[in-house]
Amino acid sequence: MPADISPAGAGYRPPLVLRVLAAVSTAFGVMAAFMILAAVLVTCHMIFVRSVLGQSTIWQTEAVIYLVIGATLLGLSYVQKLRGHVGVDLLPGLLPVGARRVLAVIVMALTIAMAAAMLWYGWHMFELAWSRNWKSESVWKFPLWITYLCIPLGFGLYLLQLLADLWLAAFAPPQALPIPHPEESLD
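Here the structure is a predicted model, which means the values were calculated and not measured. (Residues numbered from 1 in each chain as written. Predicted model: local features only at pLDDT ≥ 70, side-chain atom pairs only at ≥ 80, totals over all residues. Heavy atoms only, no water.)

Trainee: Could you give an account of the overall build of the protein chain, with specific residues and numbers?
Mentor: When helices and strands are tallied, the protein chain shows 8 helices and 0 strands. Its helices and strands taken in sequence order, the protein chain reads α-α-α-α-α-α-α-α from the N to the C terminus. Scored against the burial criterion, the 187 residues of the protein chain give a buried share of 36%. Contacts in the protein chain between residues far apart in sequence, at least 24 positions, make up 73% of those at least 6 positions apart. With an accessible surface of roughly 11000 Å², the protein chain has 73% of that area assigned to carbon and sulfur atoms. (Helix = DSSP H or I, 4+ residues; strand = E, 2+ residues; numbered from the N terminus. Buried < 20%, exposed > 50% of the residue type's maximum accessible area, 1.4 Å probe, protein only. Contact = heavy atoms within 4.5 Å. Areas by Shrake-Rupley, 256 points an atom, 1.4 Å probe, with all protein chains shown as cover.)

Trainee: Describe the nonpolar core, and please don't skip the residues or the numbers.
Mentor: The biggest cluster of nonpolar side chains holds 22 residues, and the ones touching the most others in it are Leu73, Ala115, Phe155 and Tyr158. Those elements that place two or more of their residues in this core are α2 (16-52), α3 (60-74), α6 (97-131) and α7 (144-171). For this core, the element with the highest residue contribution is α7, accounting for 9 residues. Look past the residues within four positions of Leu73 in its chain and what remains in contact with it is Cys150, Ile151, Gly154 and Phe155. (Core = buried A, V, L, I, M, F, W, Y, C linked by side-chain atoms within 4.5 Å.)

Trainee: Report on α2, specifying residues and quantitative values.
Mentor: Here α2 spans 53 Å end to end across 37 residues, near enough to the 54 Å set by a 1.5 Å rise per residue. Buried residues along α2 sit against α3, α4 (76-81) and α7. Gly54 occupies a position one or two residues after α2 and carries a positive phi of about 70°. (Expected span 1.5 Å × (residues − 1).)

Trainee: Which residues make up a nonpolar patch on the surface, and what values do they have?
Mentor: Residues Val30, Phe34, Leu37 and Leu41 make up a contiguous nonpolar surface patch of roughly 390 Å² in combined accessible area. Given a relative accessible area of 53%, Leu41 falls into the exposed group. (Patch = residues over 30% accessible without salt bridge, like charges linked within 9 Å, V, L, I, M, F, W, Y side chains within 5 Å. Salt bridge = Lys/Arg side-chain N within 4 Å of Asp/Glu carboxyl O.)

Trainee: I'd like a rundown of unusual backbone geometry, residues and numbers included.
Mentor: Positive phi, close to 55°, is recorded for Asn133, a residue that is not glycine. For Asn133, the position within the fold is in the loop between α6 and α7. Classification of Asn133 by relative accessible area gives partly exposed; the value is 46%.

Trainee: Outline the packing of aromatic side chains, supporting the account with residue identities and numerical values.
Mentor: Under the counting rule described, the total for this entry stands at 10 aromatic pairs. A centroid spacing of 6.3 Å and a plane angle of 40° characterise the contact between Phe126 and Trp130, whose relative ring orientation is tilted. A residue pair is termed a helical-turn pair when its members lie 3 or 4 positions apart in one helix, as Phe126 and Trp130 do in helix α6 at 4 residues. Given a relative accessible area of 10%, Phe126 falls into the buried group. These aromatic residues form a ring-pair network of at least three members: Trp59, Tyr66, Trp140 and Phe142. (Phe/Tyr/Trp six-rings, centres within 6.5 Å; stacked < 30°, edge-to-face > 60°.)

Structural data, given as structure tokens:
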């Protein structure tokens with residue numbers, strides 16, 4: 001939350017639901033980091049099996065792909081919480097606080113609409129994979145519903161984090177608004 005990032009907003013305490021959502025986003029961020037670590041370890045295993053042992057690999061490439069996809073989708077809300085998504089902040093930096101707030105609300109509303117669409121269609125894809133018992137076409141035959149579940153789960157949590165950020169942009173005191181580059185504000 002901005003109170004965690006911005007020294008100016010240190011006196012502001014967001015509502016409990018927003019603090020709980022921030023904790024859930026952080027937990028999913030940690031999970032995504034472990035998924036990246038697992039992908040790196042599986043890649044090292046694959047290199048060892050191929051290069052040192054001279055054997056072929058069956059499941060490693062597919063596992064790395066699924067782990068990276070899952071980490072990307074499940075980490076969306078944590079990156080949003082940290083304001084880490086790519087954005088052009090030249091215009092907002094030049095605007096006064098009130099205009100910056102209006103621009104933030106407009107941008108977040110459009111992003112919320114996109115995330116809601118991804119959640120809707122992602123759920124449909126997961127439901128199809130689950131009900132039809134889709135499996136990958138490899139020798140591994142990995143159940144695809146697990147990977148497809150990352151889409152509605154990741155975008156659902158991202159949507160909730162966006163709604164929390166929208167609430168903060170609309171109703172939080174100006175000193176609690178996020179700093180565009182938190183790494184530059186650390187002294």
